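Commentary on secondary and tertiary structure
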Amino acid sequence: MKFFVLSRGDQTSDQLSALMKQKLLNHDFIYEADTPDIVITVGGDGTLLNAFHQYVHRLNETAFVGVHTGHLGFYADWRPQEVERLVYYITSQELETVDYPLLEVTIEHKTQDTQRYLSLNECTVKTVEGSLVVDVEINDEHFETFRGDGLCVATPSGSTAYNKSLGGALLHPSLPAIQMTEMASINNRVYRTIGSPLVFPAHHTCKLSPVNDRSYQISIDHLTFMDNEVKEILFKVAREKVRFARYQRFPFWKRVKESFIDET
Ligand code: NAP
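Presented here is a report on the structure given in the accompanying data block. Bear in mind that the values here come from a model prediction, so they are computed numbers and not experimental data. (Residues numbered from 1 in each chain as written. Predicted model: local features only at pLDDT ≥ 70, side-chain atom pairs only at ≥ 80, totals over all residues. Heavy atoms only, no water.)

A closer look at the side chain of Arg-255
For Arg-255, the location among the structural elements is in helix H5 (residues 252-260). For Arg-255, the side chain forms a polar contact with the main-chain oxygen of Phe-74, separated by 2.4 Å. For Arg-255, the residues in contact, after removing those within four places along its chain, are Leu-72, Gly-73, Phe-74, Asp-77, Tyr-100 and Phe-250. (Helix = DSSP H or I, 4+ residues; strand = E, 2+ residues; numbered from the N terminus. Polar contact = N/O pair within 3.5 Å; in protein donor to acceptor, adjacent residues only side chain to side chain. Contact = heavy atoms within 4.5 Å.)

See below:
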């Protein structure tokens, strides 16, 4: 089995990464950065987001598992003191995985070229000059004209991240769905938006079309870029999924409770 360890880069994560790497090498596992079967991240959820984008071209072949060296994470849900046990599972058990849905983002440019992205957490669309004004279409039918700070479209596993700060619902990651939330929409007698987060099933699409000529600030997880040629942005549940190694059960709602209510 080929493995790779990605550290957040702080001293604690680097030391733990080196320890895990050595233990797995002692079991004749092969350390391989290009085509690993399993990627172990050591740090936080942000470290796992980095690993996801590093291996997004081989999601069918690479599984992920995360160890947290700070607070409990949603993707990084193994504790540093459980590393011995994690190594034991990796080296002695068949790789069993659990699949989480992803968000597909297709940006069509005025020049006709398109760019496709996969997101593990969410995509956000904002402008840096004035309000974002976009027509929102659901399944090719006009739904509303949004005016405000921006829009966020999240995966179920990303629903505990930016989406939660925007008042979105927490969705169980087994649901093949995506959720759109508003950032400070303008609502008065002239402008009107739904105001509530919207959850779309896998066979629905949501499309944003700019109403005015602006530069868009688009983020896909932790990656942000400017785009001033946007014709439309299409969101849907991707056909690809991300695979997490599952050696023990750590129920989602327990993680939600421990992360946001109290650590038991
Ligand atoms: P960051 O600004 O350094 O950290 C964002 C925080 O979000 C970190 O505490 C991170 O956990 C946590 N996080 C990431 N994915 C999560 C998930 N699925 N559920 C719960 N918490 C999660 O940025 P980053 O580390 O590069 O992560 C990028 C993410 O930041 C974006 O995908 C977005 O979701 C989030 N973000 C949130 C807000 C907001 O809530 N207002 C604003 C911008 C971006 P760790 O500490 O374990 O890494």
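Once you've had a look at it, read on.
Comments concerning unusual backbone geometry
In this structure, Asp-140 takes a positive phi of about 70° despite not being glycine. With relative accessibility at 59%, the residue Asp-140 sits in the exposed group. Within the chain, Asp-221 stands out as a residue other than glycine whose phi angle is a positive 55°. Of the residues examined, Asp-221 reaches a relative accessible area of 8% and is grouped as buried. (Buried < 20%, exposed > 50% of the residue type's maximum accessible area, 1.4 Å probe, protein only.)

Describing the site of the ligand
Of all residues adjacent to the ligand, which total 16 residues, the nearest are Asp-45, Gly-46, Glu-122, Thr-160 and Ser-165. With respect to the ligand, the side chain of Glu-122 contributes an N or O atom lying 2.5 Å from an oxygen atom. With respect to the ligand, the side chain of Thr-160 contributes an N or O atom lying 2.6 Å from a nitrogen atom. When the ligand is considered free in solution it has 830 Å² of accessible area, and contact with the protein chains removes 62% of it. At the level of elements, helix H2 (45-54) and helix H4 (162-165) are the ones that each hand at least two residues to the shell around the ligand. (Near = heavy atom within 4 Å. Areas by Shrake-Rupley, 256 points an atom, 1.4 Å probe, with all protein chains shown as cover.)

Quick word on the pattern of salt bridges
For the coordinates displayed, the defined rule picks out 15 salt bridges. For Arg-116, the salt bridge is made with Glu-104, and the minimal N-O distance between the two is 2.8 Å. Of this pair, Arg-116 sits in strand S7 (residues 114-119) while Glu-104 sits in strand S6 (residues 97-109), placing them 12 residues apart in sequence. Arg-116 sits in the partly exposed class, given a relative accessible area of 38%. When its relative accessible area of 7% is taken as the criterion, Glu-104 is described as buried. Look at the salt bridges and you will find they share partners, linking Arg-79, Glu-82, Arg-85, Lys-254 and Glu-258 into a network. (Salt bridge = Lys/Arg side-chain N within 4 Å of Asp/Glu carboxyl O.)

Let's talk about the packing of helix H1 (residues 11-26) against helix H3 (residues 83-92)
Relative orientation of the contacting elements H1 and H3 amounts to 35°, with a least axis distance of 10 Å. Crossing of H1 against H3: the hand is right-handed. On H3, the residues that touch Leu-16, Leu-19, Met-20, Lys-23 and Leu-24 of H1 are Val-83, Glu-84, Leu-86, Val-87, Ile-90 and Thr-91. Across the contact of H1 with H3, the residue classes break down as 8 nonpolar, 1 polar and 2 charged. (Axes fitted to C-alpha atoms, helices over the stretch in contact; angles between N-to-C directions. Left-handed = near helix turned anticlockwise from the far one by under 90°. Nonpolar A, V, L, I, M, F, W, Y, C, P; charged D, E, K, R; others polar.)

Describing the packing of aromatic side chains
One pass over the full model with this rule turns up 14 aromatic pairs. Ring centres of Phe-4 and Tyr-31 lie 5.5 Å apart, and the angle between their planes is 35°; this geometry places the pair in the tilted category. Of the two residues, Phe-4 is situated in strand S1 (residues 2-7) and Tyr-31 in strand S2 (residues 30-31); the sequence distance between them amounts to 27 residues. Residue class for Phe-4 comes out buried when judged on its relative accessible area of 12%. Assessed through its relative accessible area of 30%, Tyr-31 is described here as partly exposed. (Phe/Tyr/Trp six-rings, centres within 6.5 Å; stacked < 30°, edge-to-face > 60°.)

Here we look at the environment of Glu-61
Tracing the chain through its elements places Glu-61 in the loop between H2 and strand S4 (63-68). Overall, the relative accessible area of 42% leaves Glu-61 in the partly exposed class. For the pair formed by Glu-61 and Pro-36, sequence separation is 25 residues and the distance between their alpha carbons is 7.8 Å. If near-sequence neighbours (up to four positions away) are discounted, Glu-61 is found in contact with Pro-36, Asp-37 and Arg-243.

Considerations on the nonpolar core
Generally speaking, a soluble globular protein has its nonpolar side chains buried in company with each other. Core analysis: the largest hydrophobic core is formed by 25 residues, its most contacted members being Val-105, Cys-123, Val-125, Leu-151, Met-180, Ile-233 and Phe-235. Filtering out sequence-adjacent residues up to four positions away, Val-125 remains in contact with Leu-132, Asp-149, Gly-150, Leu-151, Leu-208, Tyr-216, Gln-217, Ile-233 and Phe-235. Formed by 19 residues, the second largest nonpolar core is a distinct cluster that contains Phe-3, Leu-24, Val-42 and Ile-90. (Core = buried A, V, L, I, M, F, W, Y, C linked by side-chain atoms within 4.5 Å.)

Looking at the environment of Ala-154
Secondary-structure assignment places Ala-154 in strand S10 (residues 141-154). Spatially, the C-alpha atoms of Ala-154 and Lys-164 are 9.7 Å apart, while their sequence positions differ by 10 residues.

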